[in-house]
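Reading the structure
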Amino acid sequence: MSVPVSSGSDARTRPLGPKRVDESFIVERIYNAVMEHRLAPATKLNELKLCDTFGVGRMRVRRALLLLSNQGIVDLETNRGAFVASPSPAEANEVFEARTLLESAIAHCVVADIGSENLDMLRQHISLESAARDNNRGVDLIRLSGEFHVKLARASGNTILWRFVRELVTRSSLIVGLFGESNHMVCPKNEHSNILAAIESGKPEEAEALMIEHLNRIREGLNFSAPKPQEGDLAEILGLK
């Protein structure tokens, strides 16, 4: 999420935190608030309130909102402003259907020629997931859980498949962050390890079946009875108090 620091001509004088606020700081705070369910889907992000909350000018807030829009976290609507994204159940189902088709095939095919380097990379990644889970770092765990799937696709050696999976994982991470139940917020414990074990053991059919079960379980954990857009102390919602 690193972005260039702007010139500062639009910055206000009220300081926030140990250093000057730039777009990346604003992006990180809004992203974390969405993923931790502190900002509900379809919540309006008023530019003036964001300017006052972060102590910056309008141009910096607009650049941050544009970055969030490019990541699918925020929807920008002409003459209406910015809103936390609210993917429909139909879109979520399409994303997971596409992932199931692609990733089950990848799990099957990668068995034939994954190589020790890729196996080591995936083992190390699962260790990072375990550490994030043990330390209750929910946002990190959502990110890491998605990255496992992207890294497995990369291990296939097919860059086109890797790019497709990367885009789908980004969209589904947002969907899980918005609509995942508290006990289904991320990939269930040990399921990545089980998939990798089947790949290591040279069992393509088992790896494929485990991937299908895994993605279906995540989709079943989505709850589209989302909380209504909320009003409240924006600084508190964004973790600035």
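Structural data are supplied above this passage.
Let me sum up the structure you'll find in this document. (Residues numbered from 1 in each chain as written. Predicted model: local features only at pLDDT ≥ 70, side-chain atom pairs only at ≥ 80, totals over all residues. Heavy atoms only, no water.)

Here we take up the pattern of salt bridges. It is possible for side chains bearing opposite charge to pair when their charged atoms get close. Applying the stated criterion across every chain, the model contains 14 salt bridges. With a closest N to O distance of 2.6 Å, Arg99 and Glu103 form a salt bridge. You can see Arg99 and its partner Glu103 sitting in helix H4 (residues 89–109), four residues apart, about one turn around the helix. Where Arg217 meets Glu191, a salt bridge forms, and the shortest distance between an N and an O atom there is 2.5 Å. (Salt bridge = Lys/Arg side-chain N within 4 Å of Asp/Glu carboxyl O. Helix = DSSP H or I, 4+ residues; strand = E, 2+ residues; numbered from the N terminus.)

What follows deals with unusual backbone geometry. In the Ramachandran plot, Ala42 falls in the positive-phi region, its phi being about 75° despite a non-glycine side chain. Inspection of the secondary structure assignment puts Ala42 in the loop between helix H1 (23–35) and strand E1 (44–45). Despite not being glycine, Asn79 shows a phi value in the positive range, around 65°. Mapped onto the fold, Asn79 is located in the loop between strand E2 (74–77) and strand E3 (81–84). By relative accessible area, Asn79 is classed as exposed at 82%. (Buried < 20%, exposed > 50% of the residue type's maximum accessible area, 1.4 Å probe, protein only.)

Attention now goes to the nonpolar core. For soluble globular proteins, nonpolar side chains are generally found buried alongside one another. Judged by nonpolar contacts, the single largest core of 64 residues is most densely connected at Ile30, Leu39, Leu45 and Leu50. Each of domain 1 (6–86 + 227–238) and domain 2 (89–220) contributes no fewer than three residues to this core. Non-local contacts of Leu45, meaning those with residues more than four positions away in its chain, are made with Ile30, Leu39, Leu50, Leu65, Val74, Ala82, Phe83 and Val84. (Core = buried A, V, L, I, M, F, W, Y, C linked by side-chain atoms within 4.5 Å. Domains from an automatic or database assignment. Contact = heavy atoms within 4.5 Å.)

Attention now moves to helix H2 (residues 47–54). Within H2 the residues assigned to the buried category are Glu47, Leu50, Cys51, Thr53 and Phe54. Seen end-on, H2 carries its buried residues on one side only, within an arc spanning 165°. For H2, the secondary structure elements touched by its buried residues are H1, E1, helix H3 (58–70) and helix H10 (234–237). Near the N-terminus of H2, the side chain that reaches the backbone nitrogen of Leu48, with its oxygen 3.0 Å away, is that of Asn46. (Arc of directions from axis to C-beta. Polar contact = N/O pair within 3.5 Å; in protein donor to acceptor, adjacent residues only side chain to side chain.)

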